[in-house]
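Spelled out, the chains give:
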Amino acid sequence: MLVFLGFAMIAVFMALIMTKKLTPVLALIIVPTVFGLFAGAGLGLGDMVLESMKSLTSTAALLMFAIIFFGLMIDVGLFDPLVRFILRTLGNDPAKVVLGTAVLAAVVSLDGDGSTTFILTTAAMLPIYLRLGMSPVVLTCVAGLANGTMNIVPWGGPTARAAAALDVSPTEVFVPMIPSLLAGMVIVMIFAWSLGLHERKRLAGGIADTKGKPNLWENGGTGGSGSKDNGGSGRSGSGSGPTRVQPSGAPAAGGSVALLEAPVEEKATDSSSLVGSALDPNRPTLRPKLFWFNLVLTVTVMVVLVLDIIPLAYVFMIGAALALVVNFPKVKDQAAQLVAHGQSIVAVVSMVMAAGVLTGVLDGTGMVDAMAAWLVNIIPDSMGPFMAVITGLLSIPMTFFMSNDAFYFGVLPVLSETAAHFGIAPAEMARASITGQPVHMQSPLVPAILLLVSLASVELGDHHKKVLWRAAVVSVVMLAVGILLGAIPWG
């Protein structure tokens, strides 16, 4: 019964958010509560959820102050030169912009932290997507794919967990999987180029948005006018000032990304026109005289993050506080900046805390353990020699439905013990188990992906429609390359 309820709960949750019957926050709260009651949790549901939420408080604080910090850095103009450099390099070609997004996300992912990757990638690329009228869902899809693939680096988390769970060296797990990692990144780049070509074709075709406004690819555009493709959230707006626009066209509170109004008659025929107008050079929050201070502060924050010598949440708390005091010394301006980024903060923090309901019910009712045991038990003895391959395939859905800790410390040791009877080494099992990470990183249980869709103002369901099948393809390719090169045994 617990197995059925567990899988049914996940299926209902995914169906509701992908069909947009409920927002992810409501689905994360309502669906687990209903299924938890069916599982007989009764009044114990409250304790389960609160216990789970305790472990998420530091994550919520991290995301909250990271949004404030990087939102401030965007407002004061720290990333303006980077955006202009990218525009000069990539021009105004959507295909090149999307490919550049994949490269940037992959490089930044080398630090092993998904939240940092998504914050920096969004900060650098989102203004360009908005300026060109491109779909932000393409940005989240490509960034999610690149980060998920790069997530198998030893310092990223999954590889270290798998190695610790099976008592092997992370190096022994990762090094033989480098060809698989490279193959996965090739597939990511192919997907990025394909999505970019689709955006180029869509925008070059002169498709107007739902209000009949011309798109930015064919003309200079008006601020945020964009079009909405059939797979995601576009953005539209009048462009009358430096406001950040939501997919619905309503201006957000504040405006982390400021766009410059350009005359409709001006043709965006070369990259120079975009370089000069991608960001509003006259927005009141700019602090050009403090550029070097803000750059040093940001680099310092990033270095401390990589060194991992101070809790990440506290690092961003200090960074945000210093950024506010120096850039906005007046109290009323500090308060205004906090309010300006309030919408993004509420969106992502509420989703993180709501995810505690799902994980609390899964763990507290025993659904996770029952689902894992059921999957292990249904594998027939005749399939023993193929346990590594089976583990790789199981890691694709299982790491999406449960946390990495639950899979690597709860499920993997049981699978590895079974595989040992057929001569499959623990290191080989560990390698197979990390191939599902491209899909895992798209899970609503991963705070970083919630941050990504929140910063880009993209619906989680729209993101999943575009990214999940592509992430599954990347995972299968990584598994296949590992098999072909002998890193993962086949029979």
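Predicted model, so just to flag it, every value in this text is computed and none were measured.

> Describe the overall build of the protein chain, with residues and values.
Along its length, the protein chain carries 23 helices and 0 strands. Split into buried and exposed, the 491 residues of the protein chain put 59% on the buried side. For the protein chain, restricting intrachain contacts to residue pairs at least 6 apart in sequence, the fraction spanning at least 24 positions comes to 75%. Of the roughly 19,000 Å² that the protein chain leaves accessible, carbon and sulfur atoms contribute 69%.

> Mind laying out the packing of aromatic side chains, listing which residues take part and the relevant values?
Scanning the entire structure with this criterion turns up 4 aromatic pairs. Look at Phe291 and Trp292: their rings are 5.3 Å apart centre to centre, the planes differ by 85°, and that puts the pair in the edge-to-face class. Judged by its relative accessible area of 22%, Phe291 is partly exposed. Exposure remark for Trp292: the relative accessible area of 63% places this residue in the exposed category. Where Phe386 meets Trp490, the ring centres are 5.3 Å apart and the plane angle is 70°; that geometry is what we call edge-to-face. Here Phe386, found in the loop between α17 (367–377) and α18 (387–401), pairs with Trp490, found in the segment after α23 (460–484); they are 104 residues apart in sequence, far enough to count as distant.

> Go over helix α22 (residues 447–455), please, and point to the residues and values.
Summarising burial for α22: 9 of the 9 residues are buried, a large majority. For α22, every residue scored as buried is listed here: Pro447, Ala448, Ile449, Leu450, Leu451, Leu452, Val453, Ser454 and Leu455. Immediately beyond the C-terminal end of α22, within one or two residues, lies Ser457, with a positive phi of roughly 55°.

> For helix α9 (residues 158–166), give the residues involved together with the corresponding values.
For α9, the set of buried residues is Pro158, Thr159, Ala162, Ala163 and Leu166. In a view along the axis of α9, the buried residues occupy a sector of 130°, so they form one face of it. Once α9 ends, the next one or two residues include Asp167, with phi positive near 60°.

> Tell me about the pattern of salt bridges, and please be specific about residues and values.
Scanning the model with the defined rule gives 3 salt bridges in all. Linking Glu51 and Lys54 is a salt bridge whose minimum nitrogen-to-oxygen distance equals 3.7 Å. Here Lys54 and Glu51 lie together in helix α3 (residues 45–54), a separation of 3 residues that amounts to about one turn. On the basis of relative accessibility, which here comes to 57%, the residue Lys54 falls in the exposed class.

> With reference to specific residues and values, describe the packing of α18 against helix α20 (residues 426–433).
What describes two packed helices is the angle between their axes and the distance between those same axes. Between α18 and α20, the shortest axis-to-axis distance is 7 Å and the interhelical angle comes to 30°. Overall, the two elements α18 and α20 adopt an arrangement that is roughly parallel. Two packed elements cross with a definite hand, and for α18 against α20 that hand is right-handed. Across the interface between the two elements, Met387, Ala388, Thr391, Gly392 and Ser395 of α18 pack against Met429, Ala432 and Ser433 of α20. Per-class residue counts for the contact of α18 with α20 are 4 nonpolar, 4 polar and no charged.

> Any chance you could break down the nonpolar core for me, citing the residues and the numbers?
Counting 145 residues, the largest nonpolar core has Phe69 and Phe316 as its most contacted members. Per-element tally for this core: the top contributor is helix α4 (residues 57–75), with 12 residues. Discounting residues that sit within four places of it in the chain, Phe316 has contacts with Leu62, Phe65, Ala66, Phe69, Phe70, Val301, Met302 and Leu305.

> Give a detailed account of unusual backbone geometry, specifying residues and quantitative values.
Glycine aside, residues mostly have negative phi angles, and peptide bonds mostly take the trans form. The backbone of Ser457 shows a phi angle near 55°, a positive value even though the residue is not glycine. As for its position among the elements, Ser457 is in the loop between α22 and α23. Overall, the relative accessible area of 14% leaves Ser457 in the buried class.

> Can you break down the packing of helix α11 (residues 178–204) against α23 residue by residue, with the values?
Running from amino to carboxyl end, α11 crosses α23 at an angle of 150°, the nearest separation of the two axes being 8 Å. Judged by the angle between their axes, α11 and α23 are roughly antiparallel. Where α11 crosses over α23, the handedness of that crossing is right-handed. Here α11 contributes Pro179, Ser180, Leu181, Ala183, Gly184, Ile187, Val188, Phe191 and Leu195 to the contact with α23, which in turn contributes Lys466, Trp469, Arg470, Val473, Val474, Val477, Met478, Val481 and Gly482. Broken down by class, the residue content of the contact of α11 with α23 amounts to 13 nonpolar, 3 polar and 2 charged.

> Residues and numbers for the confidence of the model for the protein chain, please.
Summary statistics for the protein chain give a mean pLDDT of 77 and a share of 81% for residues scoring 70 or more. Mean pLDDT across the secondary structure elements of the protein chain bottoms out at helix α12 (residues 271–275), with 35, and peaks at helix α8 (residues 136–150), with 95. Confidence drops under pLDDT 50 across residues 207–278; counting only partners more than four residues distant or on other chains, this segment forms 195 contacts.

Rules used in this analysis
- Numbering of residues begins from 1 in every chain and follows the order in which that chain's sequence is written.
- For a predicted model such as this one, the threshold for reporting local features is a pLDDT of at least 70, and the threshold for listing and counting side-chain atom pairs is 80 or more; totals across whole chains, interfaces and linings nevertheless cover every residue.
- Side-chain measures here rest on the full set of heavy atoms in the structure, leaving out hydrogens and waters.
- For helices the rule is a DSSP run of H or I covering at least 4 residues; for strands it is a run of E covering at least 2, with both sets numbered from the N terminus onward.
- With a 1.4 Å probe rolled over the protein chains alone, any residue whose accessible area is under 20% of its type maximum counts as buried; one over 50% counts as exposed, and the rest are partly exposed.
- The contact rule is simple, with two residues in contact once any of their heavy atoms fall within 4.5 Å.
- What sets the accessible areas is the Shrake-Rupley method with a 1.4 Å probe; for residues, cover comes only from the shown protein chains.
- Each aromatic pair joins two rings of Phe, Tyr and Trp (for Trp, the six-membered one) with centres within 6.5 Å, and gets the label stacked for planes under 30 degrees apart, edge-to-face for over 60, and tilted for any other angle.
- When we speak of the arc, we mean the arc of directions from the helix axis to the C-beta atoms.
- Think of a salt bridge as a Lys or Arg side-chain nitrogen and an Asp or Glu carboxyl oxygen that are within 4 Å of each other.
- Angles here are taken between N-to-C directions and fall from 0 to 180 degrees, while the axes themselves are lines fitted to C-alpha atoms, restricted in helices to the stretch in contact.
- Our angle categories are set so that under 35 degrees counts as roughly parallel, over 145 as roughly antiparallel, 65 to 115 as roughly perpendicular, and the remainder as oblique.
- Handedness of each helix crossing follows the sense of rotation of the near helix against the far helix: counterclockwise by less than a right angle gives left-handed, clockwise gives right-handed.
- In this classification, the charged set is Asp, Glu, Lys and Arg, the nonpolar set is Ala, Val, Leu, Ile, Met, Phe, Trp, Tyr, Cys and Pro, and all remaining amino acids, among them Gly, are polar.
- Think of a nonpolar core as a cluster: buried Ala, Val, Leu, Ile, Met, Phe, Trp, Tyr and Cys residues, connected wherever their side-chain atoms sit within 4.5 Å.
- Residue-level confidence of the predictor is what pLDDT reports, using numbers from 0 through 100.

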